[in-house]
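Below are the chains, spelled out letter by letter.
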Amino acid sequence: MSTPILATKLYVPPPRTSVVLRPRLIERLDVGLRSRLILVSAPAGFGKTTIVSEWAAGGSRLEPKVRTAWLSLDEGDGDPARFLTYLVAALQTVAADVGQGVLGMLQSPQTPPTETMLATLLNEIAALPHGVVLVLDDYHRVDSEPVDGAVAFLLEHLPPQLHLVIATREDPRLPLARWRARGQLTELRAADLRFSASEGAEFLNQAMGLDLSAEDISALETRTEGWIAGLQLAALSIQGHSDAVGFIEAFTGSNRFVLDYLVEEVLQRQPQAARSFLLQTSLLDTLCGALCDAVTGQKHGKEMLERLERDNLFVVPLDDERRWYRYHHLFADVLQALARAEQPDQLAALHKRASDWYEENGSRPDAVRHALYAEDFEWAADLIERAGPMLVTSSQTAIWLNWARSLPDELIRARPVLSVWHAYALLGSGELEAAEARLTDAERWLEPGPGQPTVSVDQEQLRSLLATIAVARAYRAHSLGDVPGTVKHAQRVLELLPEGDHPRREQAIALMGMTCWASGDLQAADRVFVDYSQRQIAAGNILVAISAMTVLPDIEPTLGRLREAIDALTGLLHVVVDQGEPLPPEAADLYRGLGELVLEQGDLTAAAAHLLKSKELGEQDELPVWRWRWHVAKARLHEVQGDPEGALRLLDEAQRLFIRTPLPDARPLAALKARIWATQGRVTEALEWARERGLSVDDDLSYLHEFEHVTLARVLVAQYESEHVDGAVHDAIGLLERLLHAAEEGGRTGSAIEILAFQALAHQAQGDTSSALAPLERALSLAEPEGYVRVFVSEGPPMARLLTEAASRGIAPDSARRLLAAFREAGDAHPSGPKELLSEREVEVLQHIAAGLTNRQIAARLYLSLYTVKAHARSIYDKLDAHSRTQAVARARELGILPLH
């Protein structure tokens, strides 16, 4: 009996009226005609049929000419006879006489072998005067080895006139690897079919009639990972939605359209074993065979992942070895929503198994995360306690603190080692009072009462608990400015621990170095930190060495050892770089320090580059101390570049980010701002600062307040220049003389250079050039060997005039001319107006950003690479002190770089 033909299975789907044109894919399909097979294989909803039908509709442009035969397969086509009947019917839509012989054979009582019938068919096709493209759509719906064998035979014996295209959700059981190796296979997969940013924008705003901004489109494209059906479902949900931005922020796989689509099109088509695997492993961010086995309790995780990938079930490989995978984000959302609905009682056990596997395989952060998801707080507390040493050896304080905050408070208080680590984390975040409470909790367990067993999984830490508490108390004391208390607790540590390389002993020594620094004995402090850093480098504790070394830009320039500090930081940076990419976020502090040091030598370009690199690294992690210190360094650069308002904004931000640490606050933020006010002539505000600080020219002098007193002298000179108060300048000169004496006694050559330079300006302000040149000559003499520049250049035109006068009188003429050249370079770097902040090209890029174009669109518009556009954007953000496109545009409008409307 002949098979009735359903004609609709043979129609080429008509192109959609609102389709997004995708010439890049059309071109690849055109080129694919040179290969044996074009395979379009991707999960549901990636537009496979749409792109192939669009390509087929434009087939008339191809040379030589081809005609397209289309066959939409379904489950019934697994029968070889039916498949052949429909195959012939499809071919007859473009060549009416082809296949009559095959149809006759299918009706005969003794049906010949399939290969015999196919050979006859191929011979007829080979005689056609035109080419034929045969599209087998929805091939995944045919689960039949005989049909796979027939298609393989066709492909192995294709005549030049016939080209085969297979569109499918899963890879067919054909020798794809062999054809791929021979270059006879063209593949379009999910990564190729996903919408690009520009295609997504065209689809959403034109095809779907929305009016979304570039930021909204980018956010939606990120959430859907370019999955076309996901974008369409999101667009349908947005239509008529009053808060599109809020919808996009909340859009996940739990959206009812997405949920219904994936359940209906994907999950309901899976066998029970695969569905169960998907739900059980949906809680994993990344998947490998062994981890899946541990979570599911099965033994086929690797095979199942390979099958899921082969079947295009929204699985994304993460490496070339096909070891690690992840689920498409929206698909993972759907799976997790179903798991919560269908298997709520299993989730805790699944998370616990994942936690155990990660701990056994050395990934403690993942182990902690899953333990907390499982709400197995005892186990989580064990893990978090074991992770305590990371607070000392790295800068991951914020991560550890977040873990601890997830634990019940009584559980932490009952564990002395965990309590102490919690105190360390709180100290690292500047929460000194909360840290004290945790230390008190821990001390209760030093002498537990009867029947009170001490709970700890880290017996070594428990044995050194007393010393660990003492280190924490020393840290806290110094953060509060209590030098005697710091010394007392640090000495207690040294008494408790024998000489050796015990980390607590090393920490106590470093804190003793802090007391030397705060007391003004910078030479002793310098020795402590240099030796400490070298011991840490030798022990391989590079991150600890970085934390110690980065105090040198504060200490050594003050001592007049600018080059020594640069050499030390550069040397350590080489060690870090030699360890390979990626650089640790902690290296951000090395770049920050180098930026400050080369700025002292007047190299503004290098300083800006170091600070930019520091920012790139530092923003990868939560580094609370680095954050405010970076803003201070950047403010100094802005000040030298002649942008005092920019410097003040950065100092305001630094003030917001500031936390208390053991670092001596030798250059208070308020004093830094007062200096800028003084140079701006904002004398009233500067004097108010001095009044609030209770500063007087008759104060006893100390290193820790040296910067404030020099600032006071500057404010007084500014008052003299502004209000002509003679007493003010005399007071300033007297104060500077005392400060100079104190700096020289303390061996602080760097301080002496600054004081001498400003002494010269104070005399110059009175019109006494002769008296001004004497301290200037001494300052130049001290500055020359180490290459100090900023201290002179940042004084602006008055210093330039004085240096010109010095050079004309033969006073240190070489030094004076070198510094005058630096003035000219700073002037070149210093923009004459806001518009000159940005280059012409950067303004051009910014204009396109303001117009809502994506980086890719800007690259196409300006004929630049995407990388170049991103580099321009980073530079714009940096120059405008912005963190987003919106901020950059707003700041540019504020500065008049862009028009307001």
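Residues numbered from 1 in each chain as written. Predicted model: local features only at pLDDT ≥ 70, side-chain atom pairs only at ≥ 80, totals over all residues. Heavy atoms only, no water.

**Student:** I would appreciate a short explanation of the overall build of the protein chain in the present structure.
**Tutor:** Looking only at helices and strands, one finds 50 helices and 7 strands in the protein chain. Projected onto the principal axes, the alpha-carbon positions of the protein chain cover approximately 120 × 80 × 50 Å. Residues classed as buried in the protein chain amount to 54% of the 901 residues present. Residue pairs at least 24 apart in sequence account for 67% of intrachain contacts in the protein chain once pairs closer than 6 positions are excluded. In the structure as shown, the protein chain presents an accessible area of about 39200 Å², 51% of it carried by carbon and sulfur atoms. Here the protein chain contributes 89 positive and 125 negative side-chain charges, whose respective centroids are spaced 3 Å apart. (Helix = DSSP H or I, 4+ residues; strand = E, 2+ residues; numbered from the N terminus. Buried < 20%, exposed > 50% of the residue type's maximum accessible area, 1.4 Å probe, protein only. Contact = heavy atoms within 4.5 Å. Areas by Shrake-Rupley, 256 points an atom, 1.4 Å probe, with all protein chains shown as cover. Lys, Arg positive; Asp, Glu negative; His and termini not counted. Charge placed at Lys NZ, Arg CZ, Asp CG, Glu CD.)

**Student:** Sorry, what's going on with the side chain of Asp171 here?
**Tutor:** In this structure, Asp171 sits in the loop between strand E4 (162-168) and helix H7 (176-181). In terms of polar contacts, Asp171 uses its side chain to reach the side chain of Ser41, at 2.7 Å. Polar side-chain contacts of Asp171 include one of 3.1 Å to the side chain of Arg189. Beyond its immediate chain neighbours, meaning those up to four positions away, Asp171 contacts Leu39, Ser41, Leu176, Arg189, Arg310 and Asn312. (Polar contact = N/O pair within 3.5 Å; in protein donor to acceptor, adjacent residues only side chain to side chain.)

**Student:** Explain the packing of helix H3 (residues 80-92) against helix H6 (residues 145-156) to me, please; I cannot follow it from the model alone.
**Tutor:** For any two helices packed against each other, one specifies the crossing angle of their axes together with the interaxial distance. At a minimum axis separation of 9 Å, H3 and H6 run at an interaxial angle of 40 degrees. In terms of orientation, H3 and H6 fall into the oblique class. The two elements H3 and H6 cross, and the hand of that crossing is right-handed. Packed against H3, whose contacting residues are Pro80, Phe83 and Leu87, the element H6 presents Pro146, Val147, Ala150, Val151 and Leu154 at the interface. By residue class, the composition of the contact of H3 with H6 is 8 nonpolar, no polar and no charged. (Axes fitted to C-alpha atoms, helices over the stretch in contact; angles between N-to-C directions. Parallel < 35°, antiparallel > 145°, perpendicular 65-115°, else oblique. Left-handed = near helix turned anticlockwise from the far one by under 90°. Nonpolar A, V, L, I, M, F, W, Y, C, P; charged D, E, K, R; others polar.)

**Student:** Explain the pairing of strand E1 (residues 37-41) to me, please; I cannot follow it from the model alone.
**Tutor:** One face of the sheet, then the other: side chains in a regular strand alternate in exactly this way. Of all 5 residues in E1, 5 are buried; the element is thus mostly enclosed. Judged from the 5 bridges that link them, E1 and E4 form a sheet pairing that is parallel. Bridge pairing in E4 places Leu39 opposite Ile166. Judged from the 4 bridges that link them, E1 and strand E5 (residues 185-188) form a sheet pairing that is parallel. Residue pairing in the sheet places Leu39 in a bridge with Glu187 of E5. (Pairing = 2+ DSSP bridges.)

**Student:** Got a minute to help me understand the environment of Thr116 in this structure?
**Tutor:** The topology assignment puts Thr116 in helix H5 (residues 114-126). Spatially, the C-alpha atoms of Thr116 and Val102 are 9.1 Å apart, while their sequence positions differ by 14 residues.

**Student:** How do you make sense of the pairing of strand E3 (residues 131-137) when you look at a structure like this?
**Tutor:** Counting buried positions along E3 yields 7 of 7 residues, so the element is predominantly enclosed. By the alternation rule, side chains of E3 split into Gly131, Val133, Val135 and Asp137 and Val132, Leu134 and Leu136, which are all buried. For strand E2 (residues 66-72) and E3, the ladder comprises 7 bridges, and the chain directions are parallel. Looking at E3, one finds that Trp70 is bridged to Val135. Regarding topology, H6 serves as the crossover connection from E3 to the parallel E4, and that connection is right-handed. (Right-handed = clockwise from strand over helix to strand, strands pointing away.)

**Student:** Would you explain the confidence of the model for the protein chain in this entry?
**Tutor:** Should the pLDDT be low somewhere, the predicted coordinates at that spot are not to be read in detail. The share of residues in the protein chain with pLDDT of 70 or more is 95%, and the mean pLDDT across the chain is 89. Note that residues 828-834 has pLDDT below 50 and, in this model, 8 contacts with residues that lie over four places away or in other chains. (pLDDT = per-residue confidence, 0-100.)

**Student:** Help me out: how do you make sense of the pattern of salt bridges in this one?
**Tutor:** Any two side chains of opposite charge can pair, given that their charged atoms come close. All chains considered together, the criterion is met by 59 salt bridges. For Asp74, the salt bridge goes to Arg82, with nearest N and O atoms at 3.1 Å. The class for Asp74 is buried, based on a relative accessible area of 19%. The partner of Asp366 in a salt bridge is Arg369, and the shortest N-O contact between them spans 2.6 Å. Linking Asp366 with Arg369, this pair stays in helix H19 (residues 364-373), spanning 3 residues, or about one helical turn. Residue Asp366 is classed as partly exposed on the basis of its relative accessible area of 22%. Salt bridges sharing partners connect three or more residues here, namely Asp589, Arg592, Glu596, Glu600, Arg636 and Arg790. (Salt bridge = Lys/Arg side-chain N within 4 Å of Asp/Glu carboxyl O.)

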